[in-house]
Amino acid sequence: MWKIKDLENNLPVLTAAVKKRGVKLDAEIDSLVGLLASRKGLIKKTDEVNRKRNELSASQTAPDDSATEQAKSLRAEVTCLKEQLREVEASIHERLSDLPNPPHSSVPEGSGEADNLTVYTWGEPRKLNFPVLDHVDLGNRLGMLDLVRGARVAASGFPSLRGDGAFLSRQLINFMLDQHRARGYFEIEPPFVCNRAAFYGTGQLPKFEQELYWTENNTLALVPTAEVPLTNLHAGEILAEEKLPLRYTAYTPCFRREAGAYGRDTRGIIRVHQFAKVELVRLARPEDSYDELERMVEDAENILRLLEIPYRRVLLCGGDLGFSAAKTYDIEAWFPGQGRYREISSVSNCEDFQALRARIRQRRQDGSTIYIHTLNGSGLAVGRTWAAILENYQQADGSVELPEVLTSYMRGLRTIRPV
(Lines give C-alpha, C1' and ligand atoms only; values in the text may rest on other atoms or scores of the structure.)
Protein backbone atom coordinates (compact mmCIF):
# COMPACT_ATOMS: atom_id res chain seq x y z
CA MET A 1 0.00 0.00 0.00
CA TRP A 2 1.24 3.46 -0.84
CA LYS A 3 2.19 5.88 1.95
CA ILE A 4 0.69 9.39 2.06
CA LYS A 5 4.13 10.94 2.55
CA ASP A 6 5.42 9.12 -0.56
CA LEU A 7 2.49 10.47 -2.55
CA GLU A 8 3.28 13.98 -1.38
CA ASN A 9 7.04 13.72 -2.00
CA ASN A 10 7.38 11.27 -4.90
CA LEU A 11 4.09 11.25 -6.80
CA PRO A 12 5.66 11.46 -10.30
CA VAL A 13 8.03 8.57 -9.51
CA LEU A 14 5.22 6.39 -8.15
CA THR A 15 2.85 7.07 -11.02
CA ALA A 16 5.58 6.39 -13.58
CA ALA A 17 6.33 3.06 -11.86
CA VAL A 18 2.68 2.00 -11.89
CA LYS A 19 2.39 2.89 -15.58
CA LYS A 20 4.92 0.09 -16.15
CA ARG A 21 2.04 -2.22 -15.21
CA GLY A 22 -0.01 -0.86 -18.09
CA VAL A 23 -2.58 0.49 -15.63
CA LYS A 24 -4.21 3.85 -16.38
CA LEU A 25 -4.54 5.80 -13.15
CA ASP A 26 -5.04 9.35 -14.41
CA ALA A 27 -8.50 9.76 -12.82
CA GLU A 28 -7.38 8.12 -9.57
CA ILE A 29 -4.26 10.30 -9.37
CA ASP A 30 -6.23 13.48 -10.08
CA SER A 31 -8.63 12.53 -7.28
CA LEU A 32 -5.75 11.83 -4.91
CA VAL A 33 -4.02 15.11 -5.76
CA GLY A 34 -7.23 16.97 -4.90
CA LEU A 35 -7.67 15.05 -1.66
CA LEU A 36 -4.03 15.62 -0.67
CA ALA A 37 -4.46 19.34 -1.28
CA SER A 38 -7.58 19.32 0.91
CA ARG A 39 -5.70 17.43 3.62
CA LYS A 40 -2.83 19.90 3.51
CA GLY A 41 -5.25 22.82 3.71
CA LEU A 42 -7.13 21.31 6.67
CA ILE A 43 -3.91 20.64 8.56
CA LYS A 44 -2.77 24.22 7.96
CA LYS A 45 -6.13 25.62 9.02
CA THR A 46 -6.17 23.45 12.17
CA ASP A 47 -2.70 24.64 13.10
CA GLU A 48 -3.80 28.27 12.63
CA VAL A 49 -6.86 27.85 14.85
CA ASN A 50 -4.81 26.05 17.50
CA ARG A 51 -2.31 28.94 17.40
CA LYS A 52 -5.15 31.39 18.00
CA ARG A 53 -6.37 29.30 20.94
CA ASN A 54 -2.90 29.28 22.48
CA GLU A 55 -2.51 33.04 22.02
CA LEU A 56 -5.94 33.65 23.56
CA SER A 57 -5.12 31.41 26.51
CA ALA A 58 -1.78 33.17 27.07
CA SER A 59 -3.39 36.62 26.95
CA GLN A 60 -6.02 35.88 29.58
CA THR A 61 -5.11 37.26 32.99
CA ALA A 62 -8.60 37.35 34.48
CA PRO A 63 -12.02 35.77 33.78
CA ASP A 64 -13.53 37.26 30.64
CA ASP A 65 -16.90 36.17 29.24
CA SER A 66 -16.01 37.35 25.74
CA ALA A 67 -12.70 35.44 25.76
CA THR A 68 -14.46 32.36 27.11
CA GLU A 69 -16.97 32.42 24.27
CA GLN A 70 -14.19 32.95 21.73
CA ALA A 71 -12.24 29.99 23.17
CA LYS A 72 -15.36 27.84 23.01
CA SER A 73 -15.89 28.84 19.37
CA LEU A 74 -12.25 28.05 18.45
CA ARG A 75 -12.44 24.69 20.23
CA ALA A 76 -15.58 23.79 18.24
CA GLU A 77 -13.85 24.88 15.03
CA VAL A 78 -10.88 22.60 15.76
CA THR A 79 -13.25 19.70 16.44
CA CYS A 80 -14.99 20.33 13.12
CA LEU A 81 -11.69 20.61 11.22
CA LYS A 82 -10.40 17.36 12.74
CA GLU A 83 -13.57 15.56 11.69
CA GLN A 84 -13.19 16.90 8.16
CA LEU A 85 -9.54 15.78 8.19
CA ARG A 86 -10.54 12.27 9.29
CA GLU A 87 -13.05 12.06 6.44
CA VAL A 88 -10.50 13.25 3.86
CA GLU A 89 -7.84 10.82 5.14
CA ALA A 90 -10.39 7.97 5.07
CA SER A 91 -11.10 8.82 1.42
CA ILE A 92 -7.37 8.86 0.67
CA HIS A 93 -6.83 5.46 2.28
CA GLU A 94 -9.86 4.04 0.46
CA ARG A 95 -8.36 5.08 -2.88
CA LEU A 96 -4.89 3.90 -1.90
CA SER A 97 -6.33 0.44 -1.13
CA ASP A 98 -7.21 0.04 -4.81
CA LEU A 99 -3.78 1.04 -6.16
CA PRO A 100 -1.35 -1.79 -7.08
CA ASN A 101 2.20 -2.04 -5.79
CA PRO A 102 4.69 -0.02 -7.90
CA PRO A 103 7.08 -2.46 -9.67
CA HIS A 104 10.74 -2.72 -8.71
CA SER A 105 13.15 -0.96 -11.06
CA SER A 106 14.48 -4.34 -12.33
CA VAL A 107 11.04 -5.40 -13.61
CA PRO A 108 11.01 -5.26 -17.43
CA GLU A 109 8.53 -3.28 -19.49
CA GLY A 110 5.72 -5.25 -21.08
CA SER A 111 1.98 -5.69 -21.28
CA GLY A 112 1.54 -9.40 -20.66
CA GLU A 113 2.83 -12.97 -20.72
CA ALA A 114 4.51 -12.61 -24.12
CA ASP A 115 6.83 -9.93 -22.70
CA ASN A 116 8.12 -11.99 -19.75
CA LEU A 117 11.84 -12.89 -19.77
CA THR A 118 13.24 -16.40 -19.38
CA VAL A 119 16.30 -15.97 -17.16
CA TYR A 120 17.26 -19.60 -16.41
CA THR A 121 16.51 -23.08 -17.69
CA TRP A 122 17.23 -26.42 -15.98
CA GLY A 123 17.00 -29.96 -17.34
CA GLU A 124 16.46 -31.40 -20.77
CA PRO A 125 12.96 -32.60 -21.72
CA ARG A 126 12.82 -36.32 -22.48
CA LYS A 127 12.50 -37.31 -26.09
CA LEU A 128 9.48 -39.63 -26.13
CA ASN A 129 9.22 -41.95 -29.15
CA PHE A 130 5.58 -42.91 -28.55
CA PRO A 131 2.24 -41.04 -28.57
CA VAL A 132 2.45 -38.58 -25.69
CA LEU A 133 -0.57 -38.20 -23.41
CA ASP A 134 -1.50 -35.33 -21.13
CA HIS A 135 -2.25 -35.77 -17.43
CA VAL A 136 -6.00 -36.08 -18.02
CA ASP A 137 -5.74 -39.07 -20.33
CA LEU A 138 -3.03 -40.61 -18.17
CA GLY A 139 -4.99 -40.03 -14.97
CA ASN A 140 -8.10 -41.62 -16.45
CA ARG A 141 -6.24 -44.66 -17.80
CA LEU A 142 -4.44 -45.19 -14.51
CA GLY A 143 -7.61 -44.79 -12.44
CA MET A 144 -6.08 -41.81 -10.60
CA LEU A 145 -8.35 -38.94 -11.70
CA ASP A 146 -12.13 -38.55 -11.68
CA LEU A 147 -13.30 -35.19 -12.96
CA VAL A 148 -16.85 -36.37 -13.67
CA ARG A 149 -17.68 -37.46 -10.12
CA GLY A 150 -15.89 -34.44 -8.67
CA ALA A 151 -18.19 -32.20 -10.71
CA ARG A 152 -21.20 -34.31 -9.74
CA VAL A 153 -20.75 -33.85 -5.99
CA ALA A 154 -19.60 -30.20 -6.26
CA ALA A 155 -19.22 -28.42 -9.62
CA SER A 156 -16.84 -28.15 -12.53
CA GLY A 157 -13.40 -27.19 -11.29
CA PHE A 158 -13.53 -29.41 -8.19
CA PRO A 159 -11.53 -32.52 -9.19
CA SER A 160 -11.47 -35.83 -7.36
CA LEU A 161 -8.30 -37.95 -7.13
CA ARG A 162 -8.54 -41.72 -6.63
CA GLY A 163 -6.37 -44.56 -5.34
CA ASP A 164 -2.72 -44.06 -6.20
CA GLY A 165 -3.60 -40.57 -7.46
CA ALA A 166 -4.84 -39.50 -4.03
CA PHE A 167 -1.89 -41.27 -2.36
CA LEU A 168 0.61 -39.52 -4.63
CA SER A 169 -0.95 -36.12 -3.91
CA ARG A 170 -0.82 -36.68 -0.15
CA GLN A 171 2.79 -37.84 -0.26
CA LEU A 172 3.85 -34.94 -2.46
CA ILE A 173 2.63 -32.62 0.29
CA ASN A 174 4.72 -34.52 2.86
CA PHE A 175 7.74 -34.54 0.56
CA MET A 176 7.56 -30.80 -0.09
CA LEU A 177 7.08 -29.89 3.57
CA ASP A 178 9.99 -32.13 4.60
CA GLN A 179 12.28 -30.50 2.05
CA HIS A 180 11.37 -26.98 3.14
CA ARG A 181 11.79 -27.81 6.82
CA ALA A 182 15.27 -29.13 5.99
CA ARG A 183 16.07 -25.80 4.31
CA GLY A 184 15.16 -23.75 7.37
CA TYR A 185 11.43 -23.10 7.11
CA PHE A 186 9.21 -23.35 10.18
CA GLU A 187 6.12 -25.44 9.49
CA ILE A 188 2.68 -24.04 10.31
CA GLU A 189 -0.76 -25.58 10.07
CA PRO A 190 -2.83 -22.40 9.68
CA PRO A 191 -6.60 -21.90 9.61
CA PHE A 192 -8.12 -22.67 6.23
CA VAL A 193 -10.36 -19.59 6.55
CA CYS A 194 -9.39 -15.99 7.25
CA ASN A 195 -11.19 -12.83 8.30
CA ARG A 196 -11.52 -9.60 6.37
CA ALA A 197 -8.59 -7.93 8.10
CA ALA A 198 -6.26 -10.73 6.96
CA PHE A 199 -7.46 -10.54 3.36
CA TYR A 200 -7.02 -6.76 3.41
CA GLY A 201 -3.51 -7.23 4.80
CA THR A 202 -2.30 -9.30 1.84
CA GLY A 203 -4.19 -7.29 -0.77
CA GLN A 204 -7.14 -9.52 -1.70
CA LEU A 205 -9.54 -6.92 -0.28
CA PRO A 206 -11.18 -4.74 -1.28
CA LYS A 207 -10.31 -5.28 -4.95
CA PHE A 208 -10.83 -9.06 -5.26
CA GLU A 209 -13.79 -9.68 -2.97
CA GLN A 210 -15.80 -11.50 -5.63
CA GLU A 211 -13.03 -14.04 -6.21
CA LEU A 212 -13.22 -15.41 -2.67
CA TYR A 213 -15.49 -18.15 -1.29
CA TRP A 214 -17.25 -16.48 1.64
CA THR A 215 -18.88 -18.23 4.57
CA GLU A 216 -22.19 -17.13 6.11
CA ASN A 217 -22.46 -13.39 6.81
CA ASN A 218 -19.32 -12.72 4.69
CA THR A 219 -17.10 -12.52 7.76
CA LEU A 220 -14.75 -15.40 6.89
CA ALA A 221 -13.61 -16.75 3.53
CA LEU A 222 -11.79 -19.92 2.44
CA VAL A 223 -8.12 -19.24 1.79
CA PRO A 224 -7.03 -18.85 -1.87
CA THR A 225 -3.44 -19.48 -0.70
CA ALA A 226 -1.65 -20.00 2.63
CA GLU A 227 0.05 -16.67 1.94
CA VAL A 228 -2.94 -15.02 3.63
CA PRO A 229 -2.78 -16.69 7.07
CA LEU A 230 1.02 -17.02 7.10
CA THR A 231 1.71 -13.36 6.30
CA ASN A 232 -0.89 -12.21 8.81
CA LEU A 233 0.45 -14.31 11.69
CA HIS A 234 2.31 -11.17 12.80
CA ALA A 235 -0.28 -8.55 11.82
CA GLY A 236 -0.08 -5.55 14.13
CA GLU A 237 3.22 -6.71 15.67
CA ILE A 238 6.64 -5.12 16.00
CA LEU A 239 9.31 -7.77 15.40
CA ALA A 240 12.83 -7.70 16.78
CA GLU A 241 15.34 -7.07 13.99
CA GLU A 242 17.57 -9.92 15.14
CA LYS A 243 14.69 -12.40 14.69
CA LEU A 244 14.42 -11.66 10.96
CA PRO A 245 14.05 -13.20 8.50
CA LEU A 246 11.15 -15.42 9.55
CA ARG A 247 10.58 -18.32 7.15
CA TYR A 248 7.27 -20.20 7.17
CA THR A 249 5.90 -23.10 5.16
CA ALA A 250 2.42 -24.58 5.21
CA TYR A 251 0.07 -26.85 3.30
CA THR A 252 -3.50 -25.74 2.72
CA PRO A 253 -6.29 -26.55 0.33
CA CYS A 254 -6.89 -23.42 -1.75
CA PHE A 255 -10.15 -22.08 -3.15
CA ARG A 256 -10.47 -19.56 -5.99
CA ARG A 257 -13.59 -18.52 -7.87
CA GLU A 258 -11.71 -17.03 -10.83
CA ALA A 259 -10.21 -20.36 -11.96
CA GLY A 260 -11.05 -21.03 -15.60
CA ALA A 261 -13.04 -17.81 -15.81
CA TYR A 262 -11.09 -16.60 -18.82
CA GLY A 263 -11.69 -19.63 -21.02
CA ARG A 264 -8.14 -20.94 -20.56
CA ASP A 265 -6.87 -24.19 -19.08
CA THR A 266 -10.32 -25.66 -18.51
CA ARG A 267 -9.06 -29.17 -19.23
CA GLY A 268 -7.74 -31.21 -16.32
CA ILE A 269 -6.40 -29.82 -13.05
CA ILE A 270 -4.16 -26.98 -14.22
CA ARG A 271 -6.69 -24.25 -13.37
CA VAL A 272 -9.41 -25.32 -10.94
CA HIS A 273 -11.45 -23.87 -8.08
CA GLN A 274 -10.02 -26.19 -5.41
CA PHE A 275 -6.41 -27.36 -5.25
CA ALA A 276 -3.65 -28.21 -2.78
CA LYS A 277 -0.56 -26.07 -2.37
CA VAL A 278 2.51 -25.90 -0.17
CA GLU A 279 3.32 -22.24 0.44
CA LEU A 280 6.51 -20.40 1.39
CA VAL A 281 6.46 -17.04 3.18
CA ARG A 282 9.34 -14.89 4.39
CA LEU A 283 9.28 -11.77 6.54
CA ALA A 284 12.54 -9.91 5.99
CA ARG A 285 14.46 -6.72 6.65
CA PRO A 286 14.03 -4.32 3.70
CA GLU A 287 17.77 -4.33 2.95
CA ASP A 288 17.78 -8.15 2.71
CA SER A 289 14.55 -8.83 0.86
CA TYR A 290 15.88 -9.14 -2.68
CA ASP A 291 18.57 -11.59 -1.57
CA GLU A 292 15.80 -13.47 0.23
CA LEU A 293 13.77 -13.50 -3.00
CA GLU A 294 16.58 -15.25 -4.88
CA ARG A 295 16.98 -17.83 -2.09
CA MET A 296 13.25 -18.42 -2.01
CA VAL A 297 13.14 -19.10 -5.74
CA GLU A 298 15.93 -21.65 -5.29
CA ASP A 299 13.96 -23.33 -2.50
CA ALA A 300 10.95 -23.77 -4.76
CA GLU A 301 13.11 -24.92 -7.69
CA ASN A 302 14.81 -27.48 -5.44
CA ILE A 303 11.60 -29.53 -5.43
CA LEU A 304 11.62 -29.79 -9.23
CA ARG A 305 15.32 -30.64 -9.29
CA LEU A 306 14.79 -33.49 -6.82
CA LEU A 307 11.85 -34.72 -8.89
CA GLU A 308 14.02 -34.31 -12.03
CA ILE A 309 11.37 -32.33 -13.87
CA PRO A 310 12.76 -29.81 -16.41
CA TYR A 311 11.79 -26.22 -15.70
CA ARG A 312 12.59 -22.62 -16.45
CA ARG A 313 12.63 -19.43 -14.36
CA VAL A 314 10.75 -16.46 -15.85
CA LEU A 315 10.91 -12.83 -14.73
CA LEU A 316 7.48 -11.24 -15.09
CA CYS A 317 7.11 -7.95 -16.89
CA GLY A 318 5.20 -5.04 -15.38
CA GLY A 319 1.96 -5.87 -17.16
CA ASP A 320 1.88 -9.44 -15.80
CA LEU A 321 2.56 -8.66 -12.13
CA GLY A 322 0.06 -9.53 -9.42
CA PHE A 323 -1.60 -6.70 -7.48
CA SER A 324 0.65 -6.89 -4.37
CA ALA A 325 3.95 -7.85 -6.02
CA ALA A 326 6.89 -5.53 -6.68
CA LYS A 327 8.82 -8.28 -8.47
CA THR A 328 7.87 -11.85 -9.40
CA TYR A 329 9.55 -14.92 -10.80
CA ASP A 330 7.37 -17.65 -12.27
CA ILE A 331 8.79 -21.16 -12.24
CA GLU A 332 7.45 -23.12 -15.18
CA ALA A 333 7.68 -26.92 -15.41
CA TRP A 334 7.87 -28.78 -18.69
CA PHE A 335 4.62 -30.58 -19.65
CA PRO A 336 5.31 -32.95 -22.58
CA GLY A 337 1.61 -33.78 -22.96
CA GLN A 338 1.03 -30.13 -23.80
CA GLY A 339 4.42 -29.54 -25.43
CA ARG A 340 5.09 -26.42 -23.37
CA TYR A 341 6.28 -25.02 -20.07
CA ARG A 342 3.52 -24.23 -17.56
CA GLU A 343 3.60 -22.18 -14.35
CA ILE A 344 4.00 -24.35 -11.26
CA SER A 345 5.12 -21.66 -8.82
CA SER A 346 5.09 -17.90 -8.54
CA VAL A 347 7.54 -16.28 -6.09
CA SER A 348 7.16 -12.58 -5.26
CA ASN A 349 8.67 -9.82 -3.20
CA CYS A 350 5.90 -7.48 -2.06
CA GLU A 351 8.35 -5.13 -0.32
CA ASP A 352 6.42 -3.20 2.39
CA PHE A 353 3.11 -3.15 0.45
CA GLN A 354 1.47 -5.87 2.56
CA ALA A 355 3.27 -4.93 5.79
CA LEU A 356 1.75 -1.44 5.64
CA ARG A 357 -1.74 -2.90 5.26
CA ALA A 358 -1.19 -5.54 7.97
CA ARG A 359 0.84 -3.16 10.21
CA ILE A 360 3.90 -5.43 10.55
CA ARG A 361 7.03 -3.59 11.62
CA GLN A 362 10.51 -4.31 12.91
CA ARG A 363 12.35 -2.57 15.72
CA ARG A 364 15.86 -1.58 14.73
CA GLN A 365 18.90 -1.56 16.99
CA ASP A 366 18.55 2.20 17.55
CA GLY A 367 14.98 1.75 18.79
CA SER A 368 13.24 3.11 15.69
CA THR A 369 10.64 1.09 13.80
CA ILE A 370 10.13 0.52 10.07
CA TYR A 371 7.84 -1.67 8.01
CA ILE A 372 9.26 -5.05 7.01
CA HIS A 373 9.21 -6.64 3.56
CA THR A 374 7.05 -9.70 2.87
CA LEU A 375 7.71 -12.43 0.31
CA ASN A 376 5.61 -15.38 -0.77
CA GLY A 377 5.66 -18.23 -3.25
CA SER A 378 4.36 -21.68 -4.07
CA GLY A 379 6.62 -24.46 -2.99
CA LEU A 380 4.88 -26.00 -5.02
CA ALA A 381 1.33 -26.19 -6.36
CA VAL A 382 0.62 -29.85 -5.61
CA GLY A 383 -1.89 -30.57 -8.37
CA ARG A 384 0.32 -29.12 -11.08
CA THR A 385 3.32 -31.04 -9.73
CA TRP A 386 1.18 -34.19 -9.76
CA ALA A 387 0.25 -33.53 -13.38
CA ALA A 388 3.88 -32.77 -14.34
CA ILE A 389 5.04 -36.09 -12.84
CA LEU A 390 2.46 -38.04 -14.84
CA GLU A 391 3.36 -36.34 -18.10
CA ASN A 392 7.15 -36.42 -17.66
CA TYR A 393 7.37 -39.97 -16.33
CA GLN A 394 4.89 -41.66 -18.68
CA GLN A 395 6.06 -44.85 -20.41
CA ALA A 396 5.26 -46.40 -23.79
CA ASP A 397 3.00 -49.04 -22.21
CA GLY A 398 0.79 -46.38 -20.60
CA SER A 399 2.29 -46.72 -17.13
CA VAL A 400 3.98 -43.98 -15.09
CA GLU A 401 7.32 -44.62 -13.42
CA LEU A 402 7.52 -42.43 -10.32
CA PRO A 403 10.60 -40.30 -9.47
CA GLU A 404 13.14 -42.22 -7.42
CA VAL A 405 13.15 -39.58 -4.68
CA LEU A 406 9.52 -40.45 -3.87
CA THR A 407 10.15 -44.19 -3.35
CA SER A 408 10.18 -44.05 0.44
CA TYR A 409 7.14 -41.75 0.50
CA MET A 410 5.20 -44.07 -1.82
CA ARG A 411 6.06 -47.11 0.36
CA GLY A 412 8.14 -48.68 -2.36
CA LEU A 413 5.67 -48.10 -5.20
CA ARG A 414 7.73 -47.22 -8.28
CA THR A 415 5.34 -47.80 -11.18
CA ILE A 416 1.64 -47.02 -11.55
CA ARG A 417 0.01 -49.17 -14.24
CA PRO A 418 -3.29 -48.89 -16.11
CA VAL A 419 -6.26 -50.36 -14.24
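This text gives an overview of the structure that appears in the document. (Residues numbered from 1 in each chain as written. Predicted model: local features only at pLDDT ≥ 70, side-chain atom pairs only at ≥ 80, totals over all residues. Heavy atoms only, no water.)

Structural notes on the overall build of the chain
Consideration 1: A count of helices and strands for the chain gives 11 helices and 17 strands.
Consideration 2: Each principal axis of the C-alpha atoms in the chain carries an extent, and together these give about 105 × 45 × 40 Å.
Consideration 3: Here the chain, with 419 residues, has 49% of them falling under the buried criterion.
Consideration 4: As displayed, the chain offers around 20000 Å² of accessible surface, 47% of which is attributable to carbon and sulfur atoms.
Consideration 5: The average position of the 55 basic charges and that of the 58 acidic charges among the side chains of the chain differ by 1 Å. (Helix = DSSP H or I, 4+ residues; strand = E, 2+ residues; numbered from the N terminus. Buried < 20%, exposed > 50% of the residue type's maximum accessible area, 1.4 Å probe, protein only. Areas by Shrake-Rupley, 256 points an atom, 1.4 Å probe, with all protein chains shown as cover. Lys, Arg positive; Asp, Glu negative; His and termini not counted. Charge placed at Lys NZ, Arg CZ, Asp CG, Glu CD.)

Thoughts on the sheet that holds strand S11 (residues 327–335)
Consideration 1: If you trace the eight strands from one edge of the open sheet to the other, you get S1-S10-S11-S12-S15-S9-S8-S4, paired in mixed fashion. Single-partner strands in this sheet number two, and they are strand S1 (117–122) and strand S4 (186–187).
Consideration 2: By the bridge criterion, three bridges tie strand S12 (residues 340–349) to strand S15 (residues 373–381) in an arrangement that is antiparallel. By the bridge assignment, Asn349 is partnered in S15 with Leu375.
Consideration 3: Lying over the sheet, helix H6 (residues 163–182) contacts S4, strand S8 (246–255), strand S9 (274–284) and S15, oriented at roughly 10° with respect to S9.
Consideration 4: Against the sheet, helix H9 (residues 289–307) contacts S1, S8, S9, strand S10 (311–315), S11, S12 and S15, and its axis sits at roughly 5° relative to S15. (Pairing = 2+ DSSP bridges. Contact = heavy atoms within 4.5 Å. Axes fitted to C-alpha atoms, helices over the stretch in contact; angles between N-to-C directions.)

Some thoughts on the packing of aromatic side chains
Consideration 1: Scanning the model with the defined rule gives 10 aromatic pairs in all.
Consideration 2: Ring geometry for Phe158 and Tyr213: centres 6.3 Å apart, planes at 70°, overall edge-to-face. Here Tyr213 lies in the loop between helix H7 (196–202) and strand S6 (220–222) and Phe158 lies in the loop between helix H5 (147–153) and strand S3 (160–161), a separation of 55 residues in the sequence. There is no split in this pair, since Phe158 and Tyr213 are both buried.
Consideration 3: Summarising the aromatic geometry, the rings of Phe186 and Tyr248 are spaced 6.4 Å apart at their centres and angled 65° between planes, so their arrangement reads as edge-to-face. Of the two residues, Phe186 is situated in strand S4 and Tyr248 in strand S8; the sequence distance between them amounts to 62 residues.
Consideration 4: You can call Phe186 exposed: its relative accessible area is 54%.
Consideration 5: Residue Tyr248 is classed as buried on the basis of its relative accessible area of 9%.
Consideration 6: Every member of this aromatic cluster is reached through a ring pair, and the members are Tyr120, Trp122 and Tyr311.
Consideration 7: Directly above the aromatic system of Trp214 lies the positively charged group of Arg196, at a separation of 4.3 Å from the ring centroid.
Consideration 8: One Lys or Arg, Arg357, reaches over the ring of Tyr200 and ends 4.3 Å from the middle of that ring. (Phe/Tyr/Trp six-rings, centres within 6.5 Å; stacked < 30°, edge-to-face > 60°. Lys NZ or Arg CZ within 6 Å of the ring centre and 35° of its normal.)

Re the nonpolar core
Consideration 1: Counting 53 residues, the largest nonpolar core has Leu168 and Trp386 as its most contacted members.
Consideration 2: The set of elements that each furnish at least two residues to this core consists of H6, S9, H9, S10, S11, S12, S15 and helix H11 (382–392).
Consideration 3: The contacts of Leu168, once residues within four sequence positions are left out, are Met144, Trp386, Leu390, Leu402, Leu406 and Met410.
Consideration 4: One finds Ile29, Leu36, Val78 and Leu85 within the second-largest nonpolar core, a separate group that totals 25 residues. (Core = buried A, V, L, I, M, F, W, Y, C linked by side-chain atoms within 4.5 Å.)

Some points on the sheet that holds strand S7 (residues 238–240)
Consideration 1: As summarised here, the arrangement of the three strands in space is S7-S13-S14, forming an open sheet in which the pairing is mixed. Two strands in the sheet have a free side with no partner beyond their single neighbour: S7 and strand S14 (369–371). Across the sheet, the axes of successive neighbouring strands diverge by a mean angle of 35°, strand direction being ignored.

Focus on the pairing of S10
Consideration 1: Counting buried positions along S10 gives four out of five residues, so the element sits mostly inside the fold.
Consideration 2: Relative to S10, S1 runs antiparallel, the two being bridged by five bridges. Looking at S10, one finds that Tyr120 is bridged to Arg313.

Some points on the side chain of Gln171
Consideration 1: Mapping Gln171 onto the fold places it in helix H6.
Consideration 2: A distance of 2.7 Å separates polar atoms of two side chains, one belonging to Gln171 and the other to Asn174.
Consideration 3: Discounting residues that sit within four places of it in the chain, Gln171 has contacts with Tyr409 and Met410. (Polar contact = N/O pair within 3.5 Å; in protein donor to acceptor, adjacent residues only side chain to side chain.)

Quick word on the environment of Leu36
Consideration 1: For Leu36, the location among the structural elements is in helix H2 (residues 26–59).
Consideration 2: Using a relative accessible area of 10% as the deciding quantity, one classes Leu36 as buried.
Consideration 3: Through-space distance from the C-alpha of Leu36 to that of Glu89 is 8.4 Å; in sequence the pair is 53 residues apart.
Consideration 4: Discounting chain neighbours no more than four positions away, the residues touching Leu36 are Ile4, Leu7, Glu8 and Ile92.

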